[in-house]
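# Structural features, examined
One-letter residues, chain by chain:
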Amino acid sequence: MAVCVGIWALLMALHIQAGNGQSIQMDPAKSGFVGSQVELRCIFSNSNPPVKISQVTWQKLLNGTKQNVAIANPALGVSVLPPFKERVSFKQAAVRHRTPSLEDTTIVFSNLQLSDEAAYICEYTTFPAGNRENMVNLTVFARPLTRMTLTTPTIVARPQKRKMTVATCVSANGKPPSVIRWDTRLKGEATFQETRNQNGTVTVRSNYVVIPSRETHKQKLTCIVSYRNERITDSVVLNVQYEPEVKIEGFDGNWYLNRQSVQLTCRADANPPVTIYQWKLLNGSLPSNVEIKNNSLFFKGPVSYDLAGTYVCDATNGIGTRTGIVDVNITEFPNNQPPGREIPQDPHNAGAAIGGAVGGVALLGVAAILLFVFLRRRQRTFKGDYSTKKHVFGNGYSKAGGLPAHPPIPKNLQYPDDSDDEKKPAQIGSTGGFEASERDFDAEAEDLKRPYFTVDEGESRDYDERTLAFQYDPEPEIADDMISQTDGSVISKKEWYV
């Protein structure tokens, strides 16, 4: 409706300005807040030659209906009609003179009301030009009343952790309506509601919902209301009551025997503060050397194994009771010994430690000596064995360390596989091989079957040509540091020991 009225007023203004050089100057729109004052300007520009102004009439146009507000007549004077009589007047005093000047008929609205919002027409009646008019739109704003309140003076955190409205922010009777938002570190949520009143204003209401807890206590909650170009803020600090949060301090995990001056302290964060502290030892009674002072346990004398156990502290305030627990264990020595600090020990323990160290060193020395003697004896024993025996290889004899000389073996000799008599050559398809004796052997024949045998140096036995099946060249002498093997090879004694 306001847009249509504005277009109509613009067309009227163009029409008036185009008629015979006369025009009515007015503001296209004016605004003001409820209770304030506003001027509606209306100035008539006369033509040349001038026309006669017979009357000026101000009218209120609302929903297509015109209502007279004020009239200025050169003969009859000035008249302001109800309900504007107490709040509307002509700005220029000359309008009220006996011979009035009606070129400037601006009116003033005082104590503006919401009902004053409308389109206002300023109409000039002239002779002989006729009627000329123009129009202005008046908008009335209502500044809202903003307030923020706590839902309840005391907010209690319950174990059920239920959501509840902790604060409400209201922007009442505003025109246009306000916009509300919240500024806080709380993890909550906001609800919004708008209510339109009969006078055209709007009331905006917002509730802030949160789960009360120890973390929400003393948190600041700010409501920010934005109205046109204005910013209105209001804040509250939440007062949340909750059961004690209990923690036992003093046990550092390093309580060892004979440590001095240890204690346990029951710390409780609570609102309202804790009024009662109660100490107990789980599955037992408190040690006899303990002293209770307020929320602390003081253990007199050195630490002993009797102090080990599970300690319980019950803290109670006006909301409820909560419990703190700590497990105390005792060690023989400190866990982390600082550099340069000696561990307290009694003389008996110190002597035992020293004796153990000396015994360990002596045992290591004895083991080293036995190992040396064993290695030395092993070396000597091996050399003596080779100096006391004669060795016979094949069917010949030699001294220890000697290697028998064998005649060249014909190329056409073969040794049967997997035979115990692999050292006996066999002649294959040739008449020029070795020739064996056809005579029978007695006791010596058994010796011929052996690949080798040994004879003590002191043993005397006669052997003749019948004993050997083959003739061998004289044995060559070899170095004393060489050792002959059963297969006829020679190795050094040095290699044997390596």
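Residues numbered from 1 in each chain as written. Predicted model: local features only at pLDDT ≥ 70, side-chain atom pairs only at ≥ 80, totals over all residues. Heavy atoms only, no water.

### A word on the sheet that holds strand β15 (residues 179–184)
Rule in force here: Two strands qualify as a pair provided that DSSP identifies no fewer than 2 bridges between them. Secondary structure is summarised from DSSP: a helix means a run of H or I of at least four residues, a strand means a run of E of at least two, and numbering begins at the N terminus for each. All axes are obtained by fitting lines to C-alpha atoms, using only the stretch in contact for helices, and the reported angles, taken between N-to-C directions, cover 0 to 180 degrees.
Taking strand neighbours across the sheet as the criterion, the three strands line up as β15-β18-β19 in an open arrangement whose pairing is antiparallel. Every other strand in the sheet has two partners, leaving β15 and β19 (230–237) as the edge strands with one partner each. Direction aside, the axes of adjacent strands within the sheet are offset by 20° on average. By the bridge criterion, eight bridges tie strand β18 (residues 220–227) to β19 in an arrangement that is antiparallel. In the strand pairing of β19, L221 is matched with V236.

### Brief notes about the pairing of strand β17 (residues 202–210)
Keep this limit in mind: Only protein chains enter the accessibility calculation, which uses a 1.4 Å probe. A residue is then buried if its area is under 20% of the maximum for its type, exposed if over 50%, and partly exposed in between.
Across the nine residues that make up β17, a large majority, eight, are buried. Relative to β17, strand β14 (residues 164–174) runs antiparallel, the two sharing eight bridges. Residue pairing across strands places G174 opposite V202, the latter belonging to β17. Bridging between strand β16 (residues 189–196) and β17 involves eight bridges; their strand directions are antiparallel. Looking at the pairing, T195 lines up with T203 of β17.

### Looking at the packing of aromatic side chains
This is how the line gets drawn: Whether two aromatic rings pair depends on their centres lying within 6.5 Å, for rings of Phe, Tyr and Trp, where Trp uses its six-membered ring; planes under 30 degrees apart make the pair stacked, over 60 edge-to-face, and the rest tilted. When the NZ atom of lysine or the CZ atom of arginine is within 6 Å of a ring's centre and also within 35 degrees of its normal, the charge is said to sit over that ring.
What the rule picks out here adds up to eight aromatic pairs. Between F84 and F109 the ring centres are 6.2 Å apart and the planes differ by 90°, which places this aromatic pair in the edge-to-face class. Here F84 is found in the loop between β7 (77–80) and β8 (88–90), whereas its partner F109 is found in strand β9 (residues 107–109), with 25 residues between them in sequence. Taken individually, F84 and F109 each receive the classification buried, so the pair is uniform in this respect. An aromatic cluster is built from F251, W255, F299 and Y311, whose rings are joined through pairwise contacts. Looking at R143, its charged tip hangs above the ring of F33, at a distance of 4.2 Å from the centre. In this structure, R228 packs its charged tip against the face of F141, placed 3.9 Å from the ring centre.

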